[in-house]
Amino acid sequence: MPTIRTTIQPHVELEVDEAEYLDLKRQGILLEAPAAPAAAPAKPNPAAAAKPKES
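Thresholds, definitions, all that
- Here the residue index of a chain counts from 1 through its sequence in written order.
- With the structure being a predicted model, the display of local features is reserved for residues of pLDDT at least 70 and the display and counting of side-chain atom pairs for 80 or more, all residues being used for whole-chain, interface and lining totals.
- In computing side-chain properties, one takes all heavy atoms of the structure into account and sets aside hydrogens as well as water.
- The way it works is that DSSP assigns letters per residue, a run of H or I at least four long becomes a helix, a run of E at least two long becomes a strand, and they are numbered from the N terminus.
- Between buried and exposed lies partly exposed: a residue is buried under 20% and exposed over 50% of the maximum accessible area for its type, with that area taken using a 1.4 Å probe on protein chains only.
- Within 3.5 Å is the distance limit for a polar contact, defined as a pair of N or O atoms, with the added protein rule that one can donate a hydrogen and the other accept it, and that residues adjacent in sequence qualify only through two side-chain atoms.
- Between two residues, a contact is recorded if the distance between any of their heavy atoms is within 4.5 Å.
- In plain words, nonpolar cores are sets of buried Ala, Val, Leu, Ile, Met, Phe, Trp, Tyr and Cys residues tied together by side-chain atoms within 4.5 Å.

(A) Quick look at the side chain of T6. Relative to the assigned elements, T6 resides in the loop between strand 1 (3-4) and strand 2 (14-15). Judged by its relative accessible area of 7%, T6 is buried. Polar side-chain contacts of T6 include one of 3.2 Å to the backbone nitrogen of Q9. Beyond its immediate stretch of four places on either side in the chain, T6 contacts L14, I29, L30 and L31.

And the structure:
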């Protein structure tokens, strides 16, 4: 039995049988698998910024 989320209540996980899964998919209300979370932007390194350039 697949566990799904719908666009109607994305915070609720539901267990459905194959027939119900196919019907919900046909209607277009299945929430697609979440994408991988975006990587956090790199934090600036103040120590690297404070280095004086050598001539």
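(B) Up close: the nonpolar core. If you look at the biggest cluster of nonpolar residues, it comprises 5 residues: I4, V16, L24, I29 and L30. Among all residues touching L30, those that are not within four sequence positions of it are I4, R5, T6, T7, Y21, L24 and K25.

(C) Region of the structure containing the environment of D23. With respect to the helices and strands, the residue D23 is situated in helix 1 (residues 18-27). By relative accessible area, which is 30% here, D23 ends up partly exposed. Separated by 2.9 Å, the side chains of D23 and Q27 make a polar contact.

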